[in-house]
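Listed below, chain by chain, are the residues.
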Amino acid sequence: MTVIEKQRQLIGDYSIIENRQERLSAIVDCARRLPPLPEGERTQTNRVPGCVSSVWILPDVRDGKLYFRHDADSPLVRGLVAFVCSIFDGATPDDILVSDVVALEELDLLRDLTPTRQNGIKAVENRIKALAAAAASA
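Thresholds, definitions, all that
Residues numbered from 1 in each chain as written. Predicted model: local features only at pLDDT ≥ 70, side-chain atom pairs only at ≥ 80, totals over all residues. Heavy atoms only, no water. Helix = DSSP H or I, 4+ residues; strand = E, 2+ residues; numbered from the N terminus. Rg over C-alpha atoms; globule rule 2.2 N^0.38 Å. Buried < 20%, exposed > 50% of the residue type's maximum accessible area, 1.4 Å probe, protein only. Contact = heavy atoms within 4.5 Å. Lys, Arg positive; Asp, Glu negative; His and termini not counted. Charge placed at Lys NZ, Arg CZ, Asp CG, Glu CD. 1 Å grid on protein atoms, 1.4 Å probe; cavity = no way out; pocket = protein on both sides within 12 Å on 5 of 7 lines; lining within 4 Å. Points joined across faces, edges and corners; volume = space filled by probe spheres on them. Nonpolar A, V, L, I, M, F, W, Y, C, P; charged D, E, K, R; others polar. Salt bridge = Lys/Arg side-chain N within 4 Å of Asp/Glu carboxyl O. Pairing = 2+ DSSP bridges.

Engineer: I'd love a proper account of the overall build of the protein chain, names of residues and values included.
Structural biologist: For the protein chain, the count of helices and strands is six helices and two strands. Its C-alpha radius of gyration of 14 Å places the protein chain within 12% of the 14 Å reference for a compact globule of 138 residues. If one aligns the C-alpha atoms of the protein chain with their principal axes, the spans along those axes are about 45 × 30 × 25 Å. Buried positions account for 43% of the 138 residues belonging to the protein chain. A separation threshold of at least 6 residues defines the contact pool for the protein chain, and within that pool the share at least 24 residues apart is 64%. Across the protein chain, the mean location of the 17 positive side-chain charges is 3 Å away from that of the 20 negative side-chain charges.

This is the structure in structure tokens:
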């Protein structure tokens, strides 16, 4: 499934929740079920620069596709990071590099976020693209 197809699916899945705050709560709830990163992986190397909250993303490359393990110190940010990572999970580096996250806007989830949080989410996307670029050149 391409990044575009995955975003369409997520938009379809979450748009059935009419209230955008409830949509955001559903995304945060999904992330609560994910295992946290071990302390040994919460390093400065794995930290996403540009996020006020502490956010860590680690790539796993399998069969030419990228998968992301992640964590954050805030439940809201953890949910948003999990959502963004789920968009790119299982994609090729090339697909990641030519795709942008549009699902958050389509689902109207950015409206109530502070500019600082919005910048942090963009930093997460940029970090994923940097990891994809590194994987593509490896």
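Engineer: So what about the layout of surface pockets? Which residues, and what values?
Structural biologist: Taken as a whole, the largest pocket encloses approximately 300 Å³ of empty space. Along the wall of the largest pocket there are 18 residues; nearest its centre are Ala31, Leu34, His70, Ala82 and Ser86. Elements with a contribution of two residues or more to the lining of the largest pocket: α1 (3–15), α2 (20–32), β2 (65–72) and α3 (75–88). No other element matches α3, which puts five residues into the lining of the largest pocket. Along the lines of polarity and charge, the residues of the lining of the largest pocket split into twelve nonpolar, three polar and three charged. What lines the second largest pocket is simply Asp100, Val101, Leu104, Glu105, Leu110, Gln118, Ile121, Lys122 and Glu125. At the level of elements, α5 (103–106) and α6 (115–137) are the ones that each hand at least two residues to the lining of the second largest pocket.

Engineer: Now, about the pattern of salt bridges: what can you tell me, with residues and values included?
Structural biologist: Scanning all chains against the criterion turns up eleven salt bridges. Ionic pairing is found between Asp108 and Arg111, a salt bridge with its closest N-O pair at 2.6 Å. In this structure, Lys122 engages Glu125 in a salt bridge whose closest nitrogen and oxygen atoms are separated by 3.4 Å. Here Glu125 and Lys122 lie together in helix α6, a separation of three residues that amounts to about one turn. A relative accessible area of 40% means that Lys122 is categorised as partly exposed. Through salt bridges with shared partners, one network takes in Glu39, Arg42, Asp71 and Arg78.

Engineer: How would you sum up the pairing of strand β1 (residues 55–62)? Please name residues and give values.
Structural biologist: The sheet contact formed by β1 and β2 spans eight bridges and is antiparallel. Within the sheet, the bridge partner assigned to Val55 lies in β2 and is Ala72. Counting the residues in the hairpin turn of β1 and β2 gives two residues, including Asp63, whose phi is positive at 55°.

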